[in-house]
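Listed below are the residues making up each chain.
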Amino acid sequence: MAVMTIEWRADTVRMIDQRLLPAREVIRTYRDYRGVAEAIRTMVIRGAPAIGVAAAMGVALGIKGTAGAKARKRFETVAKALKATRPTAVNLAWAVDRMGRVLADNTSLDAAELFSRMRTEAIAIYTEDLAANRAMGKFGAELIGDPATVLTHCNAGALATAGYGTALGVVRAARDAGKKIQVFADETRPFLQGSRLTAWELHKDRIPVTVIADNMAATVLSQHKIDCVVVGTDRTAANGDVANKIGTYPLAVMARRHGVPFYVAAPLSSIDLDCPNGAAIPIEERSGRELTEYGGKQIAPKGVRTFNPAFDVTPAELVTAIITERGIAYPPYTESLRALKHKR
(Lines give C-alpha, C1' and ligand atoms only; values in the text may rest on other atoms or scores of the structure.)
Protein backbone atom coordinates (compact mmCIF):
# COMPACT_ATOMS: atom_id res chain seq x y z
CA MET A 1 0.00 0.00 0.00
CA ALA A 2 1.03 3.58 -0.63
CA VAL A 3 0.20 4.62 2.96
CA MET A 4 2.60 3.51 5.68
CA THR A 5 1.09 2.05 8.84
CA ILE A 6 4.03 2.99 11.06
CA GLU A 7 7.53 4.33 10.54
CA TRP A 8 10.50 5.64 12.48
CA ARG A 9 11.48 9.10 11.28
CA ALA A 10 13.93 11.56 12.86
CA ASP A 11 13.69 9.78 16.23
CA THR A 12 9.91 9.98 16.28
CA VAL A 13 7.28 7.33 15.60
CA ARG A 14 4.73 8.18 12.93
CA MET A 15 1.45 6.28 12.51
CA ILE A 16 -1.64 6.64 10.39
CA ASP A 17 -4.64 7.17 12.69
CA GLN A 18 -6.76 4.12 11.87
CA ARG A 19 -9.71 5.44 13.85
CA LEU A 20 -10.34 8.08 11.19
CA LEU A 21 -10.17 5.85 8.12
CA PRO A 22 -11.54 5.77 5.50
CA ALA A 23 -12.85 9.33 5.74
CA ARG A 24 -9.52 10.97 6.60
CA GLU A 25 -5.87 9.96 6.30
CA VAL A 26 -4.18 11.62 9.29
CA ILE A 27 -0.60 10.93 10.41
CA ARG A 28 0.17 11.16 14.14
CA THR A 29 3.70 11.77 15.44
CA TYR A 30 4.87 10.48 18.84
CA ARG A 31 8.02 11.55 20.64
CA ASP A 32 7.81 9.50 23.85
CA TYR A 33 6.68 6.07 25.01
CA ARG A 34 3.60 7.42 26.77
CA GLY A 35 2.23 8.69 23.47
CA VAL A 36 2.94 5.34 21.80
CA ALA A 37 1.22 3.48 24.63
CA GLU A 38 -1.84 5.71 24.34
CA ALA A 39 -1.89 5.20 20.57
CA ILE A 40 -1.94 1.43 21.08
CA ARG A 41 -4.58 1.58 23.82
CA THR A 42 -6.93 3.84 21.86
CA MET A 43 -6.42 1.93 18.60
CA VAL A 44 -4.73 4.67 16.61
CA ILE A 45 -2.67 1.63 15.65
CA ARG A 46 -4.02 -1.92 15.92
CA GLY A 47 -3.30 -5.44 14.73
CA ALA A 48 -0.94 -7.73 16.63
CA PRO A 49 2.16 -7.37 14.43
CA ALA A 50 1.73 -3.60 14.10
CA ILE A 51 1.41 -3.02 17.83
CA GLY A 52 4.45 -5.22 18.38
CA VAL A 53 6.43 -2.92 16.10
CA ALA A 54 4.96 0.13 17.83
CA ALA A 55 5.85 -1.25 21.25
CA ALA A 56 9.46 -1.86 20.20
CA MET A 57 9.74 1.70 18.94
CA GLY A 58 8.08 2.94 22.13
CA VAL A 59 10.73 1.17 24.22
CA ALA A 60 13.48 2.82 22.21
CA LEU A 61 11.92 6.24 22.80
CA GLY A 62 11.51 5.46 26.49
CA ILE A 63 15.17 4.52 26.93
CA LYS A 64 16.49 7.62 25.15
CA GLY A 65 18.83 9.67 27.33
CA THR A 66 19.50 6.93 29.88
CA ALA A 67 22.23 4.37 30.47
CA GLY A 68 23.27 1.73 33.01
CA ALA A 69 21.10 1.25 36.09
CA LYS A 70 18.92 4.21 35.16
CA ALA A 71 18.14 2.62 31.81
CA ARG A 72 17.22 -0.68 33.45
CA LYS A 73 14.88 1.07 35.87
CA ARG A 74 13.34 3.13 33.08
CA PHE A 75 12.77 -0.02 31.04
CA GLU A 76 10.72 -1.53 33.86
CA THR A 77 8.41 1.49 33.82
CA VAL A 78 8.17 1.59 30.03
CA ALA A 79 7.59 -2.15 29.69
CA LYS A 80 4.81 -2.14 32.27
CA ALA A 81 3.02 0.74 30.57
CA LEU A 82 3.22 -0.78 27.10
CA LYS A 83 2.28 -4.33 28.10
CA ALA A 84 -0.85 -3.10 29.87
CA THR A 85 -2.31 -1.54 26.72
CA ARG A 86 -3.54 -4.64 24.77
CA PRO A 87 -3.01 -7.89 26.72
CA THR A 88 -4.32 -10.41 24.15
CA ALA A 89 -1.84 -9.65 21.37
CA VAL A 90 1.26 -11.66 22.24
CA ASN A 91 3.40 -9.74 19.71
CA LEU A 92 3.35 -6.74 22.04
CA ALA A 93 4.92 -8.53 25.00
CA TRP A 94 7.22 -10.46 22.65
CA ALA A 95 8.59 -7.22 21.17
CA VAL A 96 8.99 -5.50 24.56
CA ASP A 97 10.83 -8.53 25.99
CA ARG A 98 13.10 -8.69 22.95
CA MET A 99 14.01 -5.04 23.44
CA GLY A 100 14.65 -5.80 27.12
CA ARG A 101 17.15 -8.50 26.20
CA VAL A 102 19.02 -6.09 23.93
CA LEU A 103 19.15 -3.58 26.78
CA ALA A 104 20.48 -6.22 29.19
CA ASP A 105 23.29 -7.06 26.74
CA ASN A 106 24.33 -3.44 26.28
CA THR A 107 24.23 -1.80 29.71
CA SER A 108 27.90 -0.80 29.43
CA LEU A 109 27.16 1.62 26.57
CA ASP A 110 26.73 5.32 27.17
CA ALA A 111 23.31 6.92 26.65
CA ALA A 112 23.82 7.89 23.00
CA GLU A 113 25.25 4.51 22.01
CA LEU A 114 22.53 2.64 23.91
CA PHE A 115 19.76 4.63 22.25
CA SER A 116 21.34 3.95 18.85
CA ARG A 117 21.42 0.22 19.59
CA MET A 118 17.82 0.16 20.81
CA ARG A 119 16.65 2.16 17.81
CA THR A 120 18.43 -0.29 15.49
CA GLU A 121 16.65 -3.23 17.14
CA ALA A 122 13.24 -1.59 16.86
CA ILE A 123 13.77 -0.93 13.17
CA ALA A 124 14.96 -4.54 12.76
CA ILE A 125 11.64 -5.76 14.24
CA TYR A 126 9.86 -3.56 11.69
CA THR A 127 11.83 -4.88 8.71
CA GLU A 128 11.58 -8.49 9.89
CA ASP A 129 7.80 -8.15 10.09
CA LEU A 130 7.66 -6.93 6.50
CA ALA A 131 9.79 -9.85 5.33
CA ALA A 132 7.71 -12.32 7.35
CA ASN A 133 4.48 -11.03 5.82
CA ARG A 134 5.78 -11.44 2.29
CA ALA A 135 7.08 -14.95 3.00
CA MET A 136 3.77 -15.87 4.64
CA GLY A 137 1.93 -14.54 1.63
CA LYS A 138 3.88 -16.76 -0.77
CA PHE A 139 3.17 -19.89 1.28
CA GLY A 140 -0.47 -18.99 1.70
CA ALA A 141 -1.00 -18.16 -1.97
CA GLU A 142 -0.37 -21.81 -2.77
CA LEU A 143 -3.55 -22.69 -0.87
CA ILE A 144 -5.70 -20.27 -2.89
CA GLY A 145 -7.40 -21.44 -6.07
CA ASP A 146 -7.74 -19.60 -9.37
CA PRO A 147 -10.22 -18.02 -9.57
CA ALA A 148 -11.09 -17.76 -5.87
CA THR A 149 -13.33 -15.79 -3.56
CA VAL A 150 -11.90 -15.31 -0.07
CA LEU A 151 -13.91 -14.41 3.02
CA THR A 152 -12.03 -12.53 5.74
CA HIS A 153 -12.82 -10.94 9.09
CA CYS A 154 -11.53 -7.78 10.76
CA ASN A 155 -8.36 -6.33 9.22
CA ALA A 156 -5.24 -8.44 8.89
CA GLY A 157 -3.69 -6.36 6.17
CA ALA A 158 -0.97 -3.75 5.79
CA LEU A 159 -2.66 -1.64 8.46
CA ALA A 160 -2.37 -4.46 11.00
CA THR A 161 1.34 -5.01 10.35
CA ALA A 162 4.47 -3.15 9.36
CA GLY A 163 3.07 -3.46 5.83
CA TYR A 164 1.67 -5.94 3.28
CA GLY A 165 -0.38 -7.93 5.80
CA THR A 166 -0.95 -11.45 7.10
CA ALA A 167 -4.36 -12.64 5.85
CA LEU A 168 -4.46 -9.88 3.24
CA GLY A 169 -0.81 -10.62 2.48
CA VAL A 170 -1.99 -14.06 1.34
CA VAL A 171 -4.62 -12.37 -0.84
CA ARG A 172 -2.09 -9.93 -2.28
CA ALA A 173 0.44 -12.69 -2.99
CA ALA A 174 -2.21 -14.77 -4.76
CA ARG A 175 -3.18 -11.74 -6.88
CA ASP A 176 0.47 -10.99 -7.63
CA ALA A 177 0.92 -14.61 -8.74
CA GLY A 178 -1.64 -13.93 -11.46
CA LYS A 179 -4.66 -15.50 -9.80
CA LYS A 180 -8.09 -13.93 -10.17
CA ILE A 181 -9.06 -13.08 -6.59
CA GLN A 182 -11.97 -11.31 -5.00
CA VAL A 183 -12.75 -10.80 -1.31
CA PHE A 184 -15.84 -10.71 0.88
CA ALA A 185 -15.08 -8.64 3.99
CA ASP A 186 -17.12 -8.96 7.18
CA GLU A 187 -17.81 -5.47 8.54
CA THR A 188 -16.55 -6.66 11.97
CA ARG A 189 -18.69 -5.08 14.66
CA PRO A 190 -18.42 -3.06 16.81
CA PHE A 191 -15.27 -1.25 15.63
CA LEU A 192 -15.89 -1.98 11.91
CA GLN A 193 -12.30 -2.83 10.99
CA GLY A 194 -13.56 -4.85 8.03
CA SER A 195 -15.76 -2.25 6.41
CA ARG A 196 -13.54 0.70 7.32
CA LEU A 197 -10.05 -0.71 6.92
CA THR A 198 -10.01 -3.96 4.94
CA ALA A 199 -12.31 -2.55 2.27
CA TRP A 200 -10.21 0.64 2.15
CA GLU A 201 -6.96 -1.30 1.68
CA LEU A 202 -8.30 -3.64 -0.97
CA HIS A 203 -10.04 -0.84 -2.85
CA LYS A 204 -6.75 1.08 -2.92
CA ASP A 205 -5.00 -2.03 -4.27
CA ARG A 206 -7.73 -2.59 -6.86
CA ILE A 207 -8.61 -6.00 -5.48
CA PRO A 208 -12.38 -6.52 -5.86
CA VAL A 209 -14.03 -6.42 -2.43
CA THR A 210 -17.61 -6.83 -1.24
CA VAL A 211 -18.53 -5.69 2.28
CA ILE A 212 -21.11 -7.75 4.16
CA ALA A 213 -22.59 -7.47 7.64
CA ASP A 214 -21.23 -10.02 10.09
CA ASN A 215 -24.57 -11.83 10.22
CA MET A 216 -24.53 -12.40 6.46
CA ALA A 217 -21.49 -14.72 6.46
CA ALA A 218 -23.57 -17.89 6.89
CA THR A 219 -25.69 -16.93 3.91
CA VAL A 220 -22.80 -16.35 1.52
CA LEU A 221 -21.15 -19.58 2.70
CA SER A 222 -24.38 -21.55 2.19
CA GLN A 223 -24.75 -20.10 -1.31
CA HIS A 224 -21.32 -21.48 -2.28
CA LYS A 225 -19.96 -18.00 -2.93
CA ILE A 226 -16.81 -18.58 -0.83
CA ASP A 227 -13.84 -20.81 -1.67
CA CYS A 228 -11.93 -20.31 1.58
CA VAL A 229 -11.77 -18.21 4.73
CA VAL A 230 -8.48 -16.51 5.65
CA VAL A 231 -8.08 -14.61 8.93
CA GLY A 232 -5.26 -13.30 11.08
CA THR A 233 -4.51 -13.95 14.74
CA ASP A 234 -3.51 -11.99 17.83
CA ARG A 235 -2.28 -15.07 19.66
CA THR A 236 -2.12 -18.75 18.72
CA ALA A 237 -1.72 -21.25 21.54
CA ALA A 238 0.63 -24.23 21.39
CA ASN A 239 -2.24 -26.60 20.55
CA GLY A 240 -3.44 -24.45 17.62
CA ASP A 241 -6.31 -22.63 19.34
CA VAL A 242 -6.55 -19.17 17.80
CA ALA A 243 -7.49 -15.87 19.45
CA ASN A 244 -8.65 -13.37 16.86
CA LYS A 245 -11.12 -10.50 16.60
CA ILE A 246 -14.52 -11.29 18.09
CA GLY A 247 -16.68 -13.01 15.48
CA THR A 248 -13.92 -15.28 14.17
CA TYR A 249 -15.12 -18.34 16.11
CA PRO A 250 -18.65 -18.39 14.63
CA LEU A 251 -17.11 -17.85 11.18
CA ALA A 252 -14.99 -20.99 11.69
CA VAL A 253 -18.06 -22.95 12.81
CA MET A 254 -19.98 -21.87 9.71
CA ALA A 255 -17.05 -22.65 7.42
CA ARG A 256 -16.87 -26.18 8.84
CA ARG A 257 -20.65 -26.60 8.43
CA HIS A 258 -20.38 -25.73 4.73
CA GLY A 259 -17.13 -27.56 3.96
CA VAL A 260 -15.06 -24.42 3.34
CA PRO A 261 -11.37 -24.40 4.36
CA PHE A 262 -10.55 -22.10 7.28
CA TYR A 263 -6.98 -20.78 7.18
CA VAL A 264 -5.15 -18.67 9.78
CA ALA A 265 -2.21 -16.45 8.77
CA ALA A 266 0.03 -16.35 11.84
CA PRO A 267 3.52 -14.85 12.01
CA LEU A 268 5.73 -16.89 14.31
CA SER A 269 5.88 -13.93 16.71
CA SER A 270 2.15 -14.43 17.38
CA ILE A 271 2.49 -18.15 18.17
CA ASP A 272 2.82 -18.61 21.93
CA LEU A 273 4.25 -22.04 22.73
CA ASP A 274 4.16 -21.17 26.43
CA CYS A 275 0.37 -20.88 26.22
CA PRO A 276 -1.03 -24.46 26.25
CA ASN A 277 -4.49 -23.73 24.82
CA GLY A 278 -7.10 -21.08 24.19
CA ALA A 279 -8.41 -21.14 27.74
CA ALA A 280 -5.08 -19.67 28.90
CA ILE A 281 -5.22 -16.68 26.51
CA PRO A 282 -6.13 -13.41 28.26
CA ILE A 283 -9.11 -11.82 26.51
CA GLU A 284 -9.30 -8.04 26.50
CA GLU A 285 -12.68 -6.48 27.25
CA ARG A 286 -13.11 -3.01 25.83
CA SER A 287 -15.31 -0.09 26.78
CA GLY A 288 -19.04 -0.62 26.42
CA ARG A 289 -19.21 2.73 24.64
CA GLU A 290 -18.08 0.92 21.49
CA LEU A 291 -21.49 -0.80 21.62
CA THR A 292 -23.71 1.99 22.91
CA GLU A 293 -22.29 4.87 20.86
CA TYR A 294 -21.32 5.43 17.25
CA GLY A 295 -19.56 8.54 16.01
CA GLY A 296 -20.09 10.11 19.41
CA LYS A 297 -23.86 9.61 19.25
CA GLN A 298 -25.83 7.40 21.63
CA ILE A 299 -27.42 4.44 19.81
CA ALA A 300 -28.47 2.32 22.81
CA PRO A 301 -30.35 3.26 25.99
CA LYS A 302 -28.15 5.10 28.47
CA GLY A 303 -27.23 2.96 31.45
CA VAL A 304 -27.75 -0.36 29.67
CA ARG A 305 -25.25 -3.09 30.58
CA THR A 306 -22.72 -4.19 27.98
CA PHE A 307 -20.35 -7.09 27.36
CA ASN A 308 -17.61 -6.26 24.87
CA PRO A 309 -14.80 -8.82 24.59
CA ALA A 310 -12.46 -7.78 21.79
CA PHE A 311 -11.50 -11.35 20.87
CA ASP A 312 -12.81 -14.89 20.81
CA VAL A 313 -10.99 -18.22 20.62
CA THR A 314 -11.39 -20.60 17.69
CA PRO A 315 -10.64 -24.22 18.67
CA ALA A 316 -7.81 -25.87 16.75
CA GLU A 317 -10.18 -28.57 15.48
CA LEU A 318 -11.88 -25.97 13.27
CA VAL A 319 -8.64 -24.67 11.73
CA THR A 320 -7.70 -26.28 8.41
CA ALA A 321 -4.13 -24.93 8.36
CA ILE A 322 -1.97 -22.24 9.94
CA ILE A 323 0.21 -20.24 7.54
CA THR A 324 3.55 -18.94 8.83
CA GLU A 325 6.61 -17.36 7.27
CA ARG A 326 8.46 -20.68 7.53
CA GLY A 327 5.77 -22.86 6.03
CA ILE A 328 2.29 -24.21 6.63
CA ALA A 329 1.31 -26.06 9.79
CA TYR A 330 -1.31 -28.81 9.69
CA PRO A 331 -2.88 -30.80 12.53
CA PRO A 332 -1.73 -31.99 14.98
CA TYR A 333 -0.64 -28.43 15.68
CA THR A 334 1.26 -29.12 18.89
CA GLU A 335 3.96 -30.85 16.85
CA SER A 336 3.81 -28.84 13.61
CA LEU A 337 3.85 -25.38 15.23
CA ARG A 338 6.76 -26.29 17.46
CA ALA A 339 8.68 -27.62 14.47
CA LEU A 340 8.15 -24.40 12.50
CA LYS A 341 9.06 -22.18 15.47
CA HIS A 342 12.40 -23.98 15.82
CA LYS A 343 13.06 -24.33 12.07
CA ARG A 344 16.14 -22.55 10.79
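Anything mentioned here points back to the structure above.
A few points on the structure. (Residues numbered from 1 in each chain as written. Predicted model: local features only at pLDDT ≥ 70, side-chain atom pairs only at ≥ 80, totals over all residues. Heavy atoms only, no water.)

### So, the nonpolar core
Worth spelling out the cut-off: Side-chain atoms within 4.5 Å link the members of a nonpolar core, which is a set of buried Ala, Val, Leu, Ile, Met, Phe, Trp, Tyr and Cys residues. Only protein chains enter the accessibility calculation, which uses a 1.4 Å probe; a residue whose area is less than 20% of its type maximum is buried, one above 50% is exposed, and one in between is partly exposed. The secondary structure listing takes helices from DSSP runs of H or I that are at least 4 residues long and strands from runs of E that are at least 2 residues long, numbered from the N terminus. Any two residues whose heavy atoms approach within 4.5 Å at even a single point are treated as in contact.
One finds Ile 6, Met 15, Val 36, Val 59, Leu 82 and Met 118 to be the most contacted residues of the largest nonpolar core, which totals 43 residues. Looking at this core, the elements that each hand over two or more residues are β1 (6–9), β2 (12–16), α1 (33–41), α2 (48–63), α3 (68–83), α4 (90–105) and α5 (111–141). Here this core takes twelve residues from α2, the largest share from any one element. With residues up to four places along the chain from it excluded, the contact list for Leu 82 reads Tyr 33, Val 36, Ala 37, Ile 40, Ala 55, Gly 58, Val 59, Leu 92 and Val 96. Grouped together as the second largest cluster of nonpolar side chains are 30 residues, Phe 184, Val 264, Leu 268 and Leu 337 included.

### Quick word on the packing of α1 against α3
Operational definition: To get an axis, a line is fitted to the C-alpha atoms, and for a helix only the part in contact is used. The angle between two axes follows their N-to-C directions and goes from 0 to 180 degrees. Each angle is binned into one of four classes, with values under 35 degrees roughly parallel, values over 145 roughly antiparallel, values of 65 to 115 roughly perpendicular, and all other values oblique. Each crossing is labelled by how the near helix is turned from the far one, with a counterclockwise turn of less than a right angle marking it left-handed and a clockwise turn marking it right-handed. Amino acids outside the nonpolar list (Ala, Val, Leu, Ile, Met, Phe, Trp, Tyr, Cys, Pro) and the charged list (Asp, Glu, Lys, Arg) are all regarded as polar, and Gly is one of them.
Between α1 and α3, the shortest axis-to-axis distance is 9 Å and the interhelical angle comes to 15°. Viewed along their axes, α1 and α3 adopt a mutual orientation that is roughly parallel. Handedness of the α1/α3 crossing: right-handed. Of α3, the residues touching α1 (which contributes Tyr 33, Val 36, Ala 37 and Ile 40) are Thr 77, Val 78, Ala 81 and Leu 82. Its residues assigned to classes, the contact of α1 with α3 shows seven nonpolar, one polar and no charged.

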